[in-house]
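So you can see what is in the structure, the chains are spelled out below.
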Amino acid sequence: GFMEYYVWRCDFNSTELKDIEYTVSYYYNKIEYARFSSSVGEYVGFTKYGVHNADIWNKDQAQMAAWRAQKETYCLPNIGID
């Protein structure tokens, strides 16, 4: 069979917003094909399929604003829990 999955993570070394990075990676059969990183601010593709999708996803400004906000809305409140 085939397997597609996503990994969301918050990397941090302090509770300061500037020291937090939000990342979501997209995998197909254990190969990462695209990634959104808050430090880059947009999607980057690593395969032909990933580059194609990153180009499409980066054009959706409303969705991009939502992804960029995840560092503050998701990561920051959860750092104290982790």
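In what follows, the structure referred to is the one given above.
Predicted model only: the values in this text are computed from it and were never measured.

(A) Seen up close, the state of the cysteines. In the structure shown here, the tally under the stated rule is 1 disulfide. Each sulfur in the disulfide pair cysteine 10 and cysteine 75 lies 2.0 Å from the other. For the disulfide bridge between cysteine 10 and cysteine 75, the dihedral angle about the S-S bond is near -80°, and by the sign convention the bridge is left-handed. Taken together, the residues cysteine 10 in strand 1 (residues 4-12) and cysteine 75 in helix 2 (residues 61-79) connect sequence positions 65 residues apart. Among the residues examined, cysteine 10 registers a relative accessible area of 21% and is labelled partly exposed. Assessed through its relative accessible area of 1%, cysteine 75 is described here as buried.

(B) Focus on the pattern of salt bridges. Within this structure, the stated rule accounts for 3 salt bridges. Across the salt bridge formed by arginine 9 and aspartate 11, the nearest N and O atoms sit 3.2 Å from each other.

(C) How the structure looks around the packing of aromatic side chains. Summed over the entire model, instances satisfying the criterion amount to 13 aromatic pairs. Considering the side-chain rings of tyrosine 22 and tryptophan 67, the 6.0 Å spacing of their centres and the 20° angle between planes classify their relative orientation as stacked. With tyrosine 22 in strand 2 (residues 20-28) and tryptophan 67 in helix 2, the pair connects residues that are 45 residues apart, well separated along the chain. Accessibility assignment for this pair places tyrosine 22 and tryptophan 67 in one class, buried. Following the ring pairs from residue to residue traces out a cluster consisting of Tyr6, Trp8, Tyr22, Tyr26, Tyr33, Phe36, Tyr43, Tyr49, Trp57 and Trp67.

(D) Summary view of the sheet that holds strand 2. The sheet built from 4 strands is open, its strands ordered 1-2-3-4 with antiparallel pairing. On the outer flanks of this sheet lie strand 1 and strand 4 (42-45), each paired with one strand and no other. The average angle at which neighbouring strand axes cross in this sheet is 20°, direction not considered. Across 6 bridges, strand 2 lies against strand 3 (residues 31-37) in antiparallel orientation.

About the criteria used
- Residues numbered from 1 in each chain as written.
- Predicted model: local features only at pLDDT ≥ 70, side-chain atom pairs only at ≥ 80, totals over all residues.
- Heavy atoms only, no water.
- Disulfide = S-S within 2.5 Å.
- Helix = DSSP H or I, 4+ residues; strand = E, 2+ residues; numbered from the N terminus.
- Buried < 20%, exposed > 50% of the residue type's maximum accessible area, 1.4 Å probe, protein only.
- Salt bridge = Lys/Arg side-chain N within 4 Å of Asp/Glu carboxyl O.
- Phe/Tyr/Trp six-rings, centres within 6.5 Å; stacked < 30°, edge-to-face > 60°.
- Pairing = 2+ DSSP bridges.
- Axes fitted to C-alpha atoms, helices over the stretch in contact; angles between N-to-C directions.

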